[in-house]
Every structure is written in C-alpha cells, then in structure tokens.
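Chain by chain, the residues:
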Amino acid sequence: MPVEEFVAGWISGETFFFLPHITPSGRSLPGDIEGVRLQTQTTYQGIIDCMVKTYRHESLLGFFKGMSFPIASIAVVNSVLFGVYSNTLLALTATSHQERWAQPPSYTHVFIAGCTGGFVQAYCLAPFDLIKVRLQNQTEPRARPGSPPPRYRGPVHCAVSICREDGPWGLFRGAWALTLRDTPTLGIYFVTYEWLCRQSTPDRQNPGAATVLVAGGFAGIASWAVATPLDVIKSRMQMGGLKHRVYRGVLDCMVSSARQEGLGVFFRGLTINSARAFPVNAVTFLTYEYLLSSWG
Ligand SMILES: CN(C)C(=N)NCCC[C@H](N)C(=O)O
C-alpha cells in the first residue's frame, strides 16, 4: 500500500492549519466558532452579531475556543482522507498517482474512492470534532475569581468528562451524522476537483498550479455546500444532553429543527463555511499535488 499519499495528506493538512491565521474565517480558528454557534444556538442573528457578542462576552480568546484539539487532529484526518482515497483509487483502477493524469480514472471510480475516504476519515474525526463543538459552545467568559467555572476546563478535561458521563462510546456521539455528512460529500469533493482540472487542462497532461488552486478551492466550496445541512444536524446531535435537547436520532433532529426554526436552519453557517473553504482547500490540493509530483 503506497504510503506517500498518507504523508502528503498529513503535510497538506498542516499547511491547511497555517493558512487560517491569515484568513479571517478559517474553520480552524476564528470563523469556525461562529459557524458552530450559529448552527447550534438560536441567540445569534447572523455572523456579525455572533462575532460581536463573542468578543464582548469572551474577549478575543473566545474566538480560539476548542481549537487545540482540531489543530492536532487536522493532519491525522487529512492524511487518512487522502491516503484512503488514493489507495482505493489504486485498487479500483490499478493506476498510481503519477499515471493518474495520463490515464484518468472514471468519475464513478473517483466518487467511490472519495466516499470511502470520507467514511473512514469521519470515524477518525468524530472524537476530535465532538470535543471542539462542546468547547466552542461554552459561552462563559474565561474563569475569573468568583465567576462559576466553565463546564469543561479544556480539551482533555472535556474528553475525560464525556468518558466519565457517557462511557468511551460517548466520544462518538454524533458520529453517525458525521459519517452521513462526509461520505457522499467527499465523493463530490474529489469529483469536482478532477472535473475542474480536466476541463482546464489539455488531455492527459498534469494540471498547472493555478488550475490546482482554483479546482481545489471550488471543490471545497462544492463539498461544504452539500455538507452544510448535515453539518447543522451533526453539531446539534453532538450538543445533545447538555443545555440542548436530546434527539432520538438524525431524522428526529432534522424534523424537529425544521419544525421549530423553518427550513432555513439547514443553511446556517453556509456563508462562513464556503468563505473559508476556497483558500483552505486550494492550498491543501496544491501542497498535496506538489509533494506527490516532487517525490516522483
Ligand atoms: C465535510 N466536508 C465538506 C469536507 N470535509 N469537505 C472536504 C474539505 C476538507 C477540508 N479539510 C475542509 O475543512 O474544508
């Protein structure tokens, strides 16, 4: 099983982490918290309102809540995604990454390999994502003398508390919704990327850097456009049992959210998810392709 794809996925996941420092809306840093809070709480009127309230109540530090775990996990999850995707494609088509532009795989194979990568990565991501969502939904200001302490003191305390309250499987709360979100979405992600690259590159040639950037960016937007409704459901299920109501399952969460808040609830966070998706995924694909081509 070729491992370069796992390593390239790991490194491109890390560049993905550095980029949000220079973009105002990275999901790994400020911007992610607004997306999650907009999806799970009804107190905000929009992105700006959420940012202003977060700043007023929790200061600048409020924007960075729950981020140390995702930062640690991004490289692992990206490595699993790209590694499983490439190896599945290799198993289906018998063409290595180096030969892939000269002998392009069918879109069906790309879709199946993307769905497989998405399915496997969802289970690796689930515990990290749960802890991030729980920490990001704590709106208490940082501990001050006399003020009640927040429920979770940090990621490790959050993980230990979840295990104590719900057992180790509690860390996988919402994992089913995450799998439903990521499996088809990542199929669409890789198909969009391949399609855009092939449209703007002469037959059987490797795409140039600009093409990879644009195709990667639009693949990110397309995948988040499709994923956002299930992203809302996933975040709500992960919050179940805290201040939020417990849902009987994905369907129950969908139906009662739509009944109480209208169909618009499924598009909460779409703007901010899409705004961050372009730069993050453009750089992820560029780094990934560059590394694999330079390793020959
Ligand atoms: C759930 N969705 C939409 C995805 N996982 N899409 C693929 C993009 C992955 C990238 N790490 C990002 O966060 O944009």
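What you see is a predicted model; the values in this text were computed from it and never measured. (Residues numbered from 1 in each chain as written. Predicted model: local features only at pLDDT ≥ 70, side-chain atom pairs only at ≥ 80, totals over all residues. Heavy atoms only, no water.)

### Considerations on the site of the ligand
Taken together, 11 residues sit near the ligand, with Asp182, Ser223, Trp224, Arg276 and Asn281 positioned nearest. A distance of 2.9 Å separates an oxygen atom of the ligand from a polar atom in the side chain of Trp224. Contacts to the ligand include Asn281, whose side-chain N or O atom sits 2.9 Å from an oxygen atom. Relative to its unbound accessible area of 380 Å², the ligand is 91% covered by the protein chains. At the level of elements, helix H7 (175-199), helix H8 (209-239) and helix H10 (270-294) are the ones that each hand at least two residues to the shell around the ligand. Per-element accounting of the shell around the ligand gives the leading share, 5 residues, to H7. (Near = heavy atom within 4 Å. Polar contact = N/O pair within 3.5 Å; in protein donor to acceptor, adjacent residues only side chain to side chain. Areas by Shrake-Rupley, 256 points an atom, 1.4 Å probe, with all protein chains shown as cover. Helix = DSSP H or I, 4+ residues; strand = E, 2+ residues; numbered from the N terminus.)

### Structural notes on the confidence of the model for the protein
Do not read the fine detail of predicted coordinates wherever pLDDT is low. On average, residues of the protein score 83 in pLDDT, and 81% of them reach the 70 mark or higher. By mean pLDDT, the top-scoring element of the protein is H7 (95), and the lowest-scoring one is helix H2 (residues 32-40) (67). Long-range and interchain partners of residues 20-30, a stretch whose pLDDT sits below 50, account for 31 contacts in this model, where long-range means more than four residues apart. In the model output, the complex is listed with pTM 0.80 alongside ipTM 0.94. (pLDDT = per-residue confidence, 0-100. Contact = heavy atoms within 4.5 Å.)

### As for the pattern of salt bridges
Under the definition given, this model contains 11 salt bridges. Its salt-bridge partner being Asp129, residue Lys132 comes within 3.5 Å of it at the nearest N-O pair. Here Asp129 and Lys132 lie together in helix H5 (residues 107-136), a separation of 3 residues that amounts to about one turn. Given a relative accessible area of 5%, Lys132 falls into the buried group. Note that Glu261 is salt-bridged to Arg236, the shortest N-O span being 2.9 Å. In this pair, Glu261 is assigned in helix H9 (residues 250-261) and Arg236 in helix H8, connecting sequence segments 25 residues apart. On the basis of relative accessibility, which here comes to 26%, the residue Glu261 falls in the partly exposed class. For Arg236, a relative accessible area of 5% corresponds to the buried category. Look at the salt bridges and you will find they share partners, linking Asp129, Lys132, Arg181, Asp182, Asp231 and Lys234 into a network. (Salt bridge = Lys/Arg side-chain N within 4 Å of Asp/Glu carboxyl O. Buried < 20%, exposed > 50% of the residue type's maximum accessible area, 1.4 Å probe, protein only.)

### A word on the packing of aromatic side chains
Aromatic rings in a pair are described by how distant their centres are and how their planes are angled relative to each other. Enumeration over the complete set of coordinates arrives at 12 aromatic pairs. For the pair Phe190 and Phe285, a centre-to-centre distance of 6.0 Å together with 80° between the ring planes defines the contact as edge-to-face. With Phe190 in helix H7 and Phe285 in helix H10, this residue pair connects regions lying 95 residues apart in the sequence. Taking the centre distance of 3.9 Å and the plane angle of 15° together, the rings of Tyr193 and Phe285 count as stacked. Here Tyr193 is found in helix H7, whereas its partner Phe285 is found in helix H10, with 92 residues between them in sequence. When its relative accessible area of 2% is taken as the criterion, Tyr193 is described as buried. Clustering of aromatic rings is evident, with ring pairs tying together Phe82, Tyr85, Trp101, Tyr189, Phe190, Tyr193, Phe285 and Tyr288. When the ring centre of Tyr107 is taken as reference, the NZ or CZ atom of Arg198 above it lies at 4.5 Å. (Phe/Tyr/Trp six-rings, centres within 6.5 Å; stacked < 30°, edge-to-face > 60°. Lys NZ or Arg CZ within 6 Å of the ring centre and 35° of its normal.)

### Description of unusual backbone geometry
You will see that Ala94, though not glycine, has its phi angle at about 60°, which is positive. Following the sequence through the fold, Ala94 ends up in the loop between helix H4 (68-93) and H5. The class of Ala94 is exposed, set by a relative accessible area of 61%. Of note in the backbone geometry, Arg204 takes a positive phi value of approximately 65° without being a glycine. Positionally, Arg204 belongs in the loop between H7 and H8.

### Considerations on the UniProt feature "transmembrane region" (unreviewed entry) in the protein
Cross-referencing UniProt, the feature "transmembrane region" (unreviewed entry) maps to residues 63-86 and 208-227 in the present numbering. Secondary structure across residues 208-227 comprises 95% helix and 0% strand; the distance between its end C-alpha atoms is 28 Å. (UniProt positions renumbered as here; feature names shortened; annotations may be inferred.)

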